[in-house]
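Below, each chain spelled out in residue letters.
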Amino acid sequence: MTSLRGVPVSPGRAAGVVVTMPPPVPEPPLARLPESADAEEAAHRITQAVRTVTADLLERADRAAGTAADLLTATAARCADPALARCATALVRERGETPERAVWEATQALIDQWEAADGHHLDRTRDARHVRDRIVAELTGGRPPGIPEPGHPFVLVAHDLAPADTATLDPAQTLALVTESGGPTSHTAIVARALGIPAVVAVDGADRLTDGETVLVDGSAGTVHRRPSAEAVAVATVTHPFREFSGHGRTADGAHVELLANVADLASAKAAVAVGAEGVGLFRTEFLFLGRAEEPSLAEQTRAYRSVLDAFGGRKVVVRTLDAGADRPLPYLSDGGEPNPALGVRGLRAAAAHPDLLERQLAAIAAAAAATDAQVWVMAPMVATADEADWFVAHCTAHGLDRAGVMIEVPAAALAARWILDRATFASLGTNDLTQYTMAADRDLGSLATLSTPWQPAVLRLVAATCEGARDASSAASGPRPVGVCGEAAGDPVLAPVLVGLGVTSLSMAPAALGDVGAVLATTTTERCRELAHLALGARDAATARGAVRAALPVLDRLGL
Ligand code: PEP
Ligand code: MG
């Protein structure tokens, strides 16, 4: 048995047959139909292929749920766009091009037309190319792009996954995920954890894994074993049920620590309800906007928000307003030409540049909130200054949304928490971005994984600074300014007691992590949490901090964590 090493990002062990992501569909050569060929018949093949691909996408949309269903439906609509078939069949009839070449050129012609009319729209162009590749694969008998569907459970091996691909991952079929690229808080890692799929990213040598070979993936240890023994496979195949969550987060001395879930749509909200999450600490609304050419209408937004609020009737739901830009570009918002998009017009900055869009989103959230009895809190992503926070709170208040807060994801905001929390009524630490910006390490780069960890004492000191700022703001405002964590750090059962010791009052995570985090907190007193926080803050580096906390928390071994 040989092993590959990577960064563990989603726990669990699974063994199965490798299926690799298909390579990009190659550009068909510039070739003409042979003299003897029937151009009408060749044009008909295009119409047929378009029909088959559209029907296939719609069928998959029917089987999917939530964001995946929306994305597949939107792609099917792009495929069925009559302009594409009209233009491609004309190229066959008039210029004698092969059907696959004609589809390729027709797509490019359409993209050029759109760009000439109203500029570059990243998502629309990407969707059009995706549809093109599917039709060309259908015409040439090649492998269709996107997540493979081999008809049996498999271990997916990829260079990396695009957000649109991850949205269509089927956890019932995907036993484990192995990628060559990606960091611990990359989109791929977050989705794998949310779906409970064991995953290892930044695997050196992942490109050497071949279709059909059996591997054993250990998402806790960060290893991929090739040619595992039958016994190892048998052990890994026994399902490891998630530890159950009692539905109430508390420390050993009875202090309440809200344990909440991160959700993106109704499907993930249902999963969170099923495991007993106390509420939602992060509703990532951008998934409703991604992968489409236009902003969803007010009515559609209201329906989507309401469905999640209804699932959590009576409980707290923290809705994050649109976090577009950087790794989540939107054609109608983002400037595709930014040289450093992670430092560009993203999050609240994009909302400030398009206040009408924020207005519509807040109106939809307010309408959804009015129709349910969930306790709706609203927060803005990527806030850097007190002025930005005040601006956001004023907009929320105008819509009757009184629980208006901010995410702390930028070091400047952590250091200015005292002033930011003057008007904002709560803060939620987005440790994924906070780590990225503190360490100047792109969260999507697997090669920087040792820097990209919230265990970095510098990041923990910013968490402490935020909690301290919140305490000062609470006294000034004569009311509590709670601070939660909704980055991936919250779901790390070793780090959770440290965060509580630093002063955090709620933790929001992938639903599958609630049981482990709840179990560790239930056996750790608040005083012990403070001691652990002190240990971690005083460490010289991330590995030392983690090692010291582990050594001081023997319960982790007893719980098998
Ligand atoms: C974060 O940055 O920690 C966060 C929760 O936001 P996202 O991962 O969606 O950027
Ligand atoms: Mg973030």
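Reading the values: the criteria
Residues numbered from 1 in each chain as written. Chains lettered and ligands numbered in written order. Predicted model: local features only at pLDDT ≥ 70, side-chain atom pairs only at ≥ 80, totals over all residues. Heavy atoms only, no water. Donors = N, O, S within 2.8 Å, 3.2 Å for Na, K, Ca; no water. Helix = DSSP H or I, 4+ residues; strand = E, 2+ residues; numbered from the N terminus. Buried < 20%, exposed > 50% of the residue type's maximum accessible area, 1.4 Å probe, protein only. Pairing = 2+ DSSP bridges. Axes fitted to C-alpha atoms, helices over the stretch in contact; angles between N-to-C directions. Contact = heavy atoms within 4.5 Å. Phe/Tyr/Trp six-rings, centres within 6.5 Å; stacked < 30°, edge-to-face > 60°. Domains from an automatic or database assignment. Salt bridge = Lys/Arg side-chain N within 4 Å of Asp/Glu carboxyl O. Polar contact = N/O pair within 3.5 Å; in protein donor to acceptor, adjacent residues only side chain to side chain. Near = heavy atom within 4 Å. Areas by Shrake-Rupley, 256 points an atom, 1.4 Å probe, with all protein chains shown as cover. Nonpolar A, V, L, I, M, F, W, Y, C, P; charged D, E, K, R; others polar.

**Q** I'd like to hear about the coordination of the magnesium ion (ligand 2), residue by residue, with values.
**A** Put simply, a metal with four donors set out as a tetrahedron has ideal angles of 109.5 degrees, and one with six donors set out as an octahedron has ideal angles of 90 or 180 degrees. Listed as protein donors to the magnesium ion (ligand 2) are Glu409 (OE) and Asp433 (OD); their distances from the metal cover 2.0 to 2.1 Å. Of this pair, Glu409 sits in the loop between β13 (404–408) and α15 (411–415) while Asp433 sits in helix α17 (residues 431–439), and the two are 24 residues apart along the sequence. For the pair formed by Glu409 and Asp433, the shared burial category is buried.

**Q** Describe helix α7 (residues 187–195), and please don't skip the residues or the numbers.
**A** For an α-helix, 3.6 residues make a turn, and residues three or four places apart therefore share a direction. Counting buried positions along α7 gives 7 out of 9 residues, so the element sits mostly inside the fold. His187, Thr188, Ala189, Ile190, Val191, Ala192 and Arg193 are the residues of α7 that are buried. Of the residues trailing α7, Gly196 is marked for its positive phi of about 70 degrees.

**Q** Mind laying out the sheet that holds strand β2 (residues 7–10), listing which residues take part and the relevant values?
**A** Pairing between the strands of a sheet is mediated by backbone hydrogen bonds and can be parallel or antiparallel. Pairing is mixed across the open sheet formed by 8 strands, whose spatial order is β1-β8-β7-β3-β4-β5-β6-β2. Single-partner strands in this sheet number two, and they are β1 (2–5) and β2. The sheet shows a mean angle of 30 degrees between the axes of neighbouring strands, taken without regard to direction. Where strand β5 (residues 174–179) and strand β6 (residues 199–201) come together, 2 bridges link them in parallel fashion. Bridge pairing links Val178 to Val200 in β6. Here α7 sits on the sheet in contact with β2, β5 and β6, set at roughly 45 degrees to β2.

**Q** Requested: an account of the packing of aromatic side chains, with residues and values cited.
**A** Across all of its chains, the model carries 2 aromatic pairs by this definition. A centroid spacing of 6.0 Å and a plane angle of 80 degrees characterise the contact between Phe283 and Tyr305, whose relative ring orientation is edge-to-face. Of this pair, Phe283 sits in strand β10 (residues 279–284) while Tyr305 sits in helix α11 (residues 298–311), placing them 22 residues apart in sequence. You can call Phe283 buried: its relative accessible area is 3%. Ring centres of Trp377 and Phe426 lie 4.8 Å apart, and the angle between their planes is 55 degrees; on these two criteria the pair is classed as tilted. Of this pair, Trp377 sits in strand β12 (residues 375–380) while Phe426 sits in the loop between α16 (417–423) and β14 (427–429), and the two are 49 residues apart along the sequence.

**Q** I'd love a proper account of the domain arrangement of the protein chain, names of residues and values included.
**A** Per the domain assignment, the segments making up the protein chain are domain 1 (2–22 + 147–236), domain 2 (39–140) and domain 3 (258–554). Relative to domain 3, the C-alpha centre of domain 2 lies at a distance of 38 Å. Facing 13 residues of domain 2, the contacting portion of domain 3 comprises 12 residues. Our count for the domain 2 to domain 3 interface comes out at 0 salt bridges. At the boundary of domain 2 and domain 3, one finds 0 residue pairs in polar contact (both at pLDDT 80 or more).

**Q** Can you lay out the site of ligand 1 for me, pointing to particular residues and giving the numbers?
**A** Around ligand 1 sit 15 residues, and of these Arg284, Arg320, Arg328, Asn432 and Arg443 come closest. Protein coverage of the free-state accessible area of ligand 1, which is 290 Å², stands at 100%. Among the elements of the structure, β10 and α17 are those that each provide at least two residues to the shell around ligand 1. It is α17 that provides the largest number of residues to the shell around ligand 1, a total of 3 residues. Taken together, the residues of the shell around ligand 1 break down into 4 nonpolar, 4 polar and 7 charged.

**Q** Please provide a residue-by-residue account of the environment of Pro457, values included.
**A** Tracing the sequence through the fold places Pro457 in helix α18 (residues 457–477). For Pro457, a relative accessible area of 4% corresponds to the buried category. Placed 446 residues apart in sequence, Pro457 and Pro11 show a C-alpha to C-alpha distance of 24 Å. Excluding residues that lie within four positions of it along the chain, Pro457 makes contacts with Ala536, Leu537, Ala539, Arg540, Asp541 and Ala542.

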